[in-house]
Amino acid sequence: MEMTTSDPSSLATVSSQFAGNWIMALRHCCTDAQLASFLQRAGMHAVQGQIAHRITLDQIVRLYQIAAIETNDEMMGLWSRPIRARALQHLLTTVREASSLPSALHRFSTFWNLLLDDYQIELASGNGSISLRLVPRGAQPCQQFGHMLILKLAHGLLSWLAGYEVPVQAVQFAFERPGFSDDYAVIFPAQISFMAPCSAITFEVAKLGPTKRRSSAELKEFLSRAPVTGCSQGIGNISSL
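Draft legend 1. Spotlight on the overall build of the protein chain. The helix and strand tally for the protein chain stands at eight helices and 10 strands. Residues classed as buried in the protein chain amount to 49% of the 241 residues present. A total accessible area of about 10600 Å² is found for the protein chain, and carbon and sulfur atoms account for 51% of it.

Spelled out as structure tokens, the structure:
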């Protein structure tokens with residue numbers, strides 16, 4: 001299993017290849033003209049449908065917000081079943097009632113298991129840690145961006161509920177280490193491994209503090225910064241914590 005670590009504060013952008021898996025998925029739920037419009041409005045320059053430069057996390061946020069609305073799929077073709085509008089809002093409403101961060105992870109997994117056909121989200125505890133795992137339900141191509149997105153959403157939600165960036169013990173992905181693997185350190189403040197049996201994010205239970213009461217206004221603010229809410233304050237100033 002290959003490992004990589006990097007200082008997130010040293011990388012203000014990610015490579016265009018980082019979002020390549022996502023762009024390919026988007027092509028299945030919109031026309032070429034629509035995709036070109038999405039990229040242009042997100043501030044991305046494309047050549048023959050391919051992003052031609054490194055991209056900021058703010059640009060990822062803008063592309064997500066545009067594409068999620070106009071494709072009527074909040075996961076934008078990354079999963080076999082479309083995730084309809086307001087799903088993320090309902091997820092936050094459910095999770096913010098959790099009495100603890102482990103309970104929030106349980107609510108997170110239960111919610112997504114009602115919507116996803118491709119993966120079963122499982123929680124595993126042991127040795128003072130708790131892991132959220134994406135276990136495939138069958139054989140399907142691995143959507144690298146989708147795996148990153150669902151794990152980042154779990155981390156972002158925990159951080160939002162805690163009121164601080166929750167430490168991540170480890171992140172693992174069920175695909176080969178890509179040439180742009182350092183980009184993952186921009187998203188996850190942890191040691192990252194590849195070629196794992198399943199994609200997962202792991203937290204130390206002792207470092208999971210109490211939840212913070214969140215208002216409806218704070219919920220709307222979180223939604224306005226999805227999907228990378230919870231990243232370090234130093235990366236693009238996009239944290240809503």
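There is more to say after this.
Draft legend 2. Structural view of the environment of L223. Note that L223 resides in helix α8 (residues 216–225). Between the C-alpha atom of L223 and that of L88, which follows or precedes it by 135 residues, the distance is 7.7 Å. Excluding anything up to four places from it in sequence, L223 contacts Q65, L88, Q89 and L92.

Draft legend 3. Examining the side chain of Q59 more closely. Structurally, Q59 is set in helix α3 (residues 57–70). Here G43 takes part through its backbone oxygen, which lies 2.7 Å from a polar atom of the side chain of Q59. With sequence-adjacent residues up to four places away left out, Q59 is seen in contact with A42, G43, M44, H53 and R54.

Draft legend 4. Focus on the nonpolar core. Grouped together as the largest cluster of nonpolar side chains are 75 residues, with contacts concentrated most on W22, F108, W112 and F173. Those residues in contact with F173 that sit more than four places away from it in its chain are H147, M148, L151, Y184, F188, I192, S193, F194, M195, A196 and S199.

Draft legend 5. Representation of the side chain of Q143 within the structure. Relative to the elements of secondary structure, Q143 occurs in the loop between β7 (129–136) and α6 (144–162). When sequence neighbours within four positions are dropped, the list of residues in contact with Q143 reads N21, A25, G77 and L78.

Draft legend 6. Quick look at unusual backbone geometry. Of note in the backbone geometry, M76 takes a positive phi value of approximately 50 degrees without being a glycine. Tracing the chain through its elements places M76 in the loop between α3 and α4 (87–95). A relative accessible area of 0% places M76 in the buried class. In this model, R86 sits at a positive phi of 80 degrees, which is unusual for a non-glycine residue.

Draft legend 7. Highlighting the state of the cysteines. Considering all chains together, one arrives at zero disulfides under this definition. In this structure C29 is not part of a disulfide, and its nearest cysteine sulfur, from C30, lies 5.4 Å away.

Draft legend 8. Up close: the packing of α4 against α6. The contact between α4 and α6 brings their axes to 11 Å, and the two run at 45 degrees. Classified by the angle between their axes, α4 and α6 sit oblique to one another. As for how α4 packs across α6, the hand of that crossing is right-handed. Contacts from L88, L91, L92 and V95 of α4 reach α6 at L153, L157, W160 and L161. Tallied by class, residues from the contact of α4 with α6 come to eight nonpolar, no polar and no charged.

Draft legend 9. Inspection of the packing of α4 against helix α5 (residues 101–115) at higher detail. In contact at an axis separation of 9 Å, α4 and α5 are set at 150 degrees when each is read in the N-to-C sense. Overall, the two elements α4 and α5 adopt an arrangement that is roughly antiparallel. Every pair of crossing elements has a handedness; the one defined by α4 and α5 is right-handed. Facing A87, H90, L91, T94 and V95 of α4, the residues of α5 in contact are A104, R107, F108, F111, W112 and L115. Of the residues belonging to the contact of α4 with α5, the class tally is eight nonpolar, two polar and one charged.

Draft legend 10. The packing of aromatic side chains, seen in detail. Scanning the entire structure with this criterion turns up 15 aromatic pairs. Here W22 and F145 contribute two aromatic rings whose centre-to-centre distance is 4.6 Å and whose plane-to-plane angle is 20 degrees, an arrangement assigned as stacked. Here F145 lies in helix α6 and W22 lies in helix α1 (residues 20–26), a separation of 123 residues in the sequence. Assigned by exposure class, W22 and F145 land together as buried. Through a chain of ring-to-ring contacts, the aromatic side chains of F18, W22, F145, F173, F175, F180, Y184, F188 and F194 assemble into a single cluster.

Parameters and conventions
- Residues numbered from 1 in each chain as written.
- Predicted model: local features only at pLDDT ≥ 70, side-chain atom pairs only at ≥ 80, totals over all residues.
- Heavy atoms only, no water.
- Helix = DSSP H or I, 4+ residues; strand = E, 2+ residues; numbered from the N terminus.
- Buried < 20%, exposed > 50% of the residue type's maximum accessible area, 1.4 Å probe, protein only.
- Areas by Shrake-Rupley, 256 points an atom, 1.4 Å probe, with all protein chains shown as cover.
- Contact = heavy atoms within 4.5 Å.
- Polar contact = N/O pair within 3.5 Å; in protein donor to acceptor, adjacent residues only side chain to side chain.
- Core = buried A, V, L, I, M, F, W, Y, C linked by side-chain atoms within 4.5 Å.
- Disulfide = S-S within 2.5 Å.
- Axes fitted to C-alpha atoms, helices over the stretch in contact; angles between N-to-C directions.
- Parallel < 35°, antiparallel > 145°, perpendicular 65-115°, else oblique.
- Left-handed = near helix turned anticlockwise from the far one by under 90°.
- Nonpolar A, V, L, I, M, F, W, Y, C, P; charged D, E, K, R; others polar.
- Phe/Tyr/Trp six-rings, centres within 6.5 Å; stacked < 30°, edge-to-face > 60°.

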